Structure formats: structure tokens, C-alpha cells
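Now for the letters of each chain:
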Amino acid sequence: MPVIVNDYELSDAEMEKELPQHQDAADPLKSAMTSLVLRRVLLDKAKELALQGDDEQKIESLLAREVIIPEASLEECRRYYELHQPRFLTGELVEANHILFQVTANVDLDALRQRAQSVLDELLQNPDGFAAAAKSYSNCPSAEVGGNLGQLSRGETVPEFEKPVFSAAAHSLLPRLIETRFGLHIVQLGRKVAGRLIPFEQVQHQIADAMKRASYDRALQQYLKVLVGQAQISGIELAGADGPLLQ
């Protein structure tokens, strides 16, 4: 079924050119087609406003004109700093061991979760058996050294692993499984080294830039949803009012 945007039919050639940029998406075809649809509604709006230049210049001019956000104030930056101080620690380290129950293409997730939980329950009763359990059960190369990951600093692991690990107490076994894109983890912590808080003045501009980027992304999403709502689109169902149009 062809995808048509305001009487313009997107071509196979356009899809062939766009698709390689979306290979990491959960649904590359849907992601690529969504991108083409959004590009078309932007170009149509640029044409309506008689903006000049090639397609890229038209889109750039349109967004510069329509998506305008204020600079973050000093007070907003300082409030962000106070609320997210762990992000501005330097030198923070934690020693960690883990047992990975890897998620693979054909794995039974319920059975895997039950198995991991059973091992965790046993270790909560006998934490000294962690290294042996890692060698027996872990799907990570660290199994050969009892699950030892060495010293970790912030930014070295995925966020869903980092947050609970750095929040837990030293020399503890986390009482719940950690779920990441790699699988299910049982984690045991060793020594922790407290980091030094970077002064606000040293990260003020970094915070302002991050807040501006986040505000711009939100404003762009809202603007695209307005354009999509005004356009006549057939052949594809885009995200609803509460879903992101850009991935």
C-alpha cells in the first residue's frame, strides 16, 4: 500500500535511500517511512511559507523560524544541578560482581526469570557462594573469574545497570534482579569510593546546553505532531498524541 502525504506519494527510491539509516531501529521499515513522512510535511510547510533554498536549507529555515525555545535561566540550571548531583560526581567507583542470565532470540523469558530468581534466592541465604554460582550459571566471560567486573565508574555501563548499582550499599548483594537489554543480572557489590562533586560553576554551561537540547527535542516533537495533524496522510499509522514521532 503506497504512503501518500498531501497528494505526494513516497517512492521506493526514497525508501531505499533512507532505510540504511534506520537499521538499529526496532522496526527499520516503519522508522524509515516515518522519517520520510515527517520530512515531507516539513517541506510542504516550508513551501507554504515560501522559504527558499534546497530541501535541507528549507527545513533548517523552517525549524529556526517555528521551533523557538528560551535559554535556561541560572536558577533553572542551579535547580537541575541540585536535583541531579550524582551526575556531577567525578572519581566515583564501585567494585561489582555479577551473574548474567542472557536473553537470546529463542529464550523462554518466564523460565529464565524463574531460574535467575531461584539462584538469587539461594545467594541471599548464602552470599559466600556467589563466585561458584557465577561460574556455574553466568553467560558473561566474567564467569571465569567469579563474575568479577572490576571497578566501574559512571558512564561505563548501561543506565539501567548503573543506577541500582551506584545506589546500593557497599559490600551488599542486591535483593532484586536487574533487567537490562543484555538480560537478567544478579549483582554483588564490593568496595565503593565516593566521588567528588564538581562545582556548579564548572558544569553550568554543560547543564544549560543539555536543558536546551531537551527543550528543543520536546518542542520539535510537538511541532511535528501539529504538522502531522494538519496533513492528509494515508498508508501509514504514526504515533498517537502521546507517543514520540522521532525515535
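Not measured: the values here are computed from a predicted model.

### As for the environment of His84
Tracing the backbone shows His84 in the loop between helix H4 (74-83) and strand S3 (89-90). The class of His84 is partly exposed, set by a relative accessible area of 23%. Between the C-alpha atoms of His84 and Lys225, which are 141 residues apart in sequence, the distance is 30 Å. Of the polar contacts made by the side chain of His84, one reaches the backbone oxygen of Tyr80; its length is 2.9 Å.

### Details of the nonpolar core
Within the largest apolar cluster, 26 residues are counted, with the highest numbers of intra-cluster contacts made by Leu10, Met33, Val37, Leu42, Leu63 and Tyr223. Contributions of two or more residues to this core are made by helix H2 (28-48), helix H3 (55-66) and helix H8 (200-230). Setting aside residues up to four positions removed in sequence, Leu42 forms contacts with Ile59, Leu62, Leu63, Tyr223, Leu224 and Leu227. If you look at the next biggest cluster of nonpolar residues, it comprises 14 residues, including Ile99, Phe130, Ala134 and Leu184.

### So, the UniProt feature "domain: PpiC" (unreviewed entry) in the protein
Here, the residues flagged by UniProt with the feature "domain: PpiC" (unreviewed entry) are residues 91-191. Here residues 91-191 runs as 34% helix and 28% strand, with 14 Å between its end C-alpha atoms.

### Details of the packing of H4 against H8
Close contact between H4 and H8 brings their axes to 9 Å; oriented N to C, the two are set at 105°. Taken together, the axes of H4 and H8 are roughly perpendicular relative to one another. Counting all contacts with H4, which are made through Leu74, Glu76, Cys77, Arg78, Tyr80 and Tyr81, the residues of H8 involved are Phe200, Glu201, Val203, Gln204, Ile207, Ala208 and Met211. The residue inventory of the contact of H4 with H8, partitioned by class, reads nine nonpolar, one polar and three charged.

Cut-off values and rules
- Position numbers for residues start from 1 in each chain and track the written sequence from start to end.
- Per-residue local features of the predicted model are confined to residues with pLDDT of at least 70, and side-chain atom pairs are confined, for both listing and counting, to 80 or more; whole-chain, interface and lining totals are unaffected and use all residues.
- Hydrogens are left out, water is left out, and the side-chain values use all remaining heavy atoms of the structure.
- Starting at the N terminus, helices and strands are each numbered in turn, a helix being any DSSP run of H or I of at least four residues and a strand any DSSP run of E of at least two.
- Here the term buried applies to any residue with accessible area under 20% of the maximum for its type, exposed to any over 50%, and partly exposed to those in between, with areas from a 1.4 Å probe on protein chains only.
- Polar contacts here mean pairs of N or O atoms no more than 3.5 Å apart (in protein, one a potential hydrogen donor and the other a potential acceptor; neighbouring residues in sequence count only if both atoms are side-chain atoms).
- Here the nonpolar core consists of buried residues drawn from Ala, Val, Leu, Ile, Met, Phe, Trp, Tyr and Cys, with membership extended through side-chain atoms lying within 4.5 Å.
- Working rule for contacts: check all heavy atoms of both residues, and any pair within 4.5 Å makes them a contact.
- UniProt positions are given in the numbering used here, feature names are shortened, and annotations may be inferred rather than shown by experiment.
- Axes here mean lines fitted to C-alpha atoms, for a helix over just the part in contact, with angles spanning 0 to 180 degrees between N-to-C directions.
- The labels follow the angle: roughly parallel below 35 degrees, roughly antiparallel above 145, roughly perpendicular from 65 to 115, and oblique for the rest.
- Residue polarity is assigned by list, with Asp, Glu, Lys and Arg as charged and Ala, Val, Leu, Ile, Met, Phe, Trp, Tyr, Cys and Pro as nonpolar; anything else, Gly included, falls into the polar class.

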